[in-house]
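# Architecture at a glance
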Amino acid sequence: MTDINIPRWFPLGKRSGEMGLGEMLQVAKRRVDFLFSYTDVEDANNIGHDPIIGNLSLCITSAVSDDAYFFHWLSETEADAFEYLLKKSPYTEQIAVMRFLYGDLIVGLSNVSSIINLDSDFIIRELSTVKRIKKTDMYQVASTFSEFNIIASKFEHAYKIIKRGVGFVVRGWVITFYVELLRTAKWVFQKRLEEKIRKIKKKIQKSMDKLEAYRVFAKEILSYWRGKRTALMPQKSSIVLFGKKVWQKSELFPPCSRLLFDQFLATGYIPHGDRLQLGLFLKALGMPVEEQLKFWYRAVDNVGLGWEEFMKKGGYYIRHIYGLEGSRKDYSAPKCDTIISKYFCPFARMDFSALKKALKKINPKITNEELEEIHNLCLLGDYKKACGIFLQSIIGKKTRPVVISHPVQYVRTLWKIMVRRRRKYEKEAQSLS
Ligand code: SF4
């Protein structure tokens, strides 16, 4: 039975009844339009097309076409739109969506305590250890902020919470805060969507008589999507920052890239995922492939390796991200949401005392008030806002706080302000001379 509180915008539900491919084609195109503009939508439940049919049509397109680029675009963009709309939805609708994604869910400390038969005090004690805050504060946080409502989900759906170290397991249940479940919801949604595409693929392969019709359908959607993409996506040249060698100015880097960069220079080592994150970021700043090859050649695992040998190993991967090897795809730097869930964002990954130390090292002038604000935002999971406050601590309070959504946006903002200030200073110096 479908939960009546599931909002209409949620695209993974089921529809009964029949619809021809011709009709679905129109809905699919409206879905593509929507996915390119979901942040402009005023009423998510009234978007001019059926989200379930729209999503299904695009999943069929992905399954039939086998186009890897379209698959990744669909999976990433549907997940981004999902997260965006979920956060804007009322609490009851959010819970209904969570139940759809996570199955069994127990909401609220007293329910968790009575259904799993656990002492409330024990639950609070365990969660205060997880969050590294005092038990008394934990009681207050859990009863004051709805984001910190206590929630339990079955382990098979919520193991990622344990992997991230933000909950604990008892009798097959993962006990955590509502905000943590909300944070992994995008990942669960994405997995469900990808699973749906795989299932459709298997199903279509069995009905060979309809395959040709599906192929024509997918071809039409792909061509519509490509046209839209070419018209709407920003041109690559827009991220070249004033033609300067910005990649050489680590003082402009956001904390994620700055910490990885400094760690690599100091130790010659960072793990593989961090290398990919930093490599794509440096590429996005315009670092030529030759410079990047020289940069990574100094890694400790390349010690004793000749240049030729390095080019066959680490060098191959670097050329790969520039689209010069393998599938020849020109990879882009991940945005903050992706970094927060899959890579290294210090606001999401570091405990507060280590984060405080790291931020103070980058900006020794940061005030305790700003650090406190960053701490509160991190507790609420608002890492991009916390990053904006950190940027503001560097550029000064006269500017409005920015919510950071991409590491390159951070660099661009800081760079523009520095250039503006330098010009102003030079003008003033000229008028004095
Ligand atoms: Fe980097 Fe974005 Fe995290 Fe800031 S919010 S540190 S730019 S990933």
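Details of the structure are given in the entry above.
A brief structural summary.

Cut-offs applied
- Residues numbered from 1 in each chain as written.
- Predicted model: local features only at pLDDT ≥ 70, side-chain atom pairs only at ≥ 80, totals over all residues.
- Heavy atoms only, no water.
- Helix = DSSP H or I, 4+ residues; strand = E, 2+ residues; numbered from the N terminus.
- Rg over C-alpha atoms; globule rule 2.2 N^0.38 Å.
- Buried < 20%, exposed > 50% of the residue type's maximum accessible area, 1.4 Å probe, protein only.
- Contact = heavy atoms within 4.5 Å.
- Areas by Shrake-Rupley, 256 points an atom, 1.4 Å probe, with all protein chains shown as cover.
- Lys, Arg positive; Asp, Glu negative; His and termini not counted.
- Charge placed at Lys NZ, Arg CZ, Asp CG, Glu CD.
- Near = heavy atom within 4 Å.
- 1 Å grid on protein atoms, 1.4 Å probe; cavity = no way out; pocket = protein on both sides within 12 Å on 5 of 7 lines; lining within 4 Å.
- Sits in = over half its atoms within 2 Å of the grid points.
- Nonpolar A, V, L, I, M, F, W, Y, C, P; charged D, E, K, R; others polar.
- Pairing = 2+ DSSP bridges.
- Axes fitted to C-alpha atoms, helices over the stretch in contact; angles between N-to-C directions.
- Points joined across faces, edges and corners; volume = space filled by probe spheres on them.

## Quick notes on the overall build of the chain
Broken down by element type, the chain carries 21 helices and 4 strands. The globule rule puts the C-alpha radius of gyration for 433 residues at 22 Å, and the 24 Å found for the chain is close to it. Taken over the C-alpha atoms alone, the chain extends approximately 80 × 60 × 55 Å along its principal axes. Residues counted as buried form 48% of the 433 residues belonging to the chain. Long-range pairs, those at least 24 residues apart, make up 65% of the contacts in the chain with a sequence separation of at least 6. Carbon and sulfur atoms make up 53% of the accessible area of the chain, which totals about 23,200 Å². Both charge centroids of the chain, one from 71 positive and one from 47 negative side chains, sit 4 Å from each other.

## A closer look at the site of the ligand
Taken together, Pro254, Cys256, Cys336, Ile339, Cys345, Pro346, Phe347, Cys387, Ile404 and Pro407 form the complete shell of residues around the ligand. More than half of the atoms of the ligand fall within 2 Å of the grid points belonging to the largest cavity. Those elements giving two or more residues to the shell around the ligand turn out to be helix H16 (336-342) and helix H17 (346-349). A breakdown of the residues in the shell around the ligand according to their chemical character gives 10 nonpolar, no polar and no charged.

## Things to note about the pairing of strand E3 (residues 167-170)
Sheet analysis places E3 next to strand E4 (residues 173-177), joined by 4 bridges and oriented antiparallel. Bridge pairing in E4 links Phe168 to Ile175. Hairpin connection, E3 to E4: the antiparallel pair is bridged by 2 residues, and Arg171 has positive phi, about 50 degrees.

## Brief notes about the sheet that holds strand E1 (residues 105-107)
As summarised here, the arrangement of the 4 strands in space is E1-E2-E4-E3, forming an open sheet in which the pairing is antiparallel. Every other strand in the sheet has two partners, leaving E1 and E3 as the edge strands with one partner each. Between one strand and the next, the sheet's axes are offset by a mean angle of 20 degrees, whatever the strand orientation. By the bridge criterion, 3 bridges tie E1 to strand E2 (residues 150-154) in an arrangement that is antiparallel. Looking at the pairing, Leu105 lines up with Ser153 of E2. Lying over the sheet, helix H6 (residues 120-131) contacts E2, E3 and E4, oriented at roughly 140 degrees with respect to E3.

## Quick notes on empty space enclosed by the protein
Scanning the entire structure with this criterion turns up 2 cavities of 30 Å³ or more. Residue lining of the largest cavity: 15 residues in total, with Cys256, Cys336, Cys345, Phe347 and Cys387 positioned closest to the centre. For the lining of the largest cavity, the secondary structure elements donating two or more residues are helix H11 (255-267), H16, H17 and helix H20 (383-395). Here the lining of the largest cavity is built from residues that sort into 13 nonpolar, 1 polar and 1 charged. In this structure, the second largest cavity occupies an estimated 70 Å³ of space. Glu76, Lys186, Trp187, Gln190, Thr338, Ser341 and Lys342 are the residues that line the second largest cavity. Among the secondary structure elements, those contributing two or more residues to the lining of the second largest cavity are helix H9 (178-206) and H16. Its residues assigned to classes, the lining of the second largest cavity comprises 1 nonpolar, 3 polar and 3 charged.

Function cannot be inferred from these measures alone, as they are strictly geometric.
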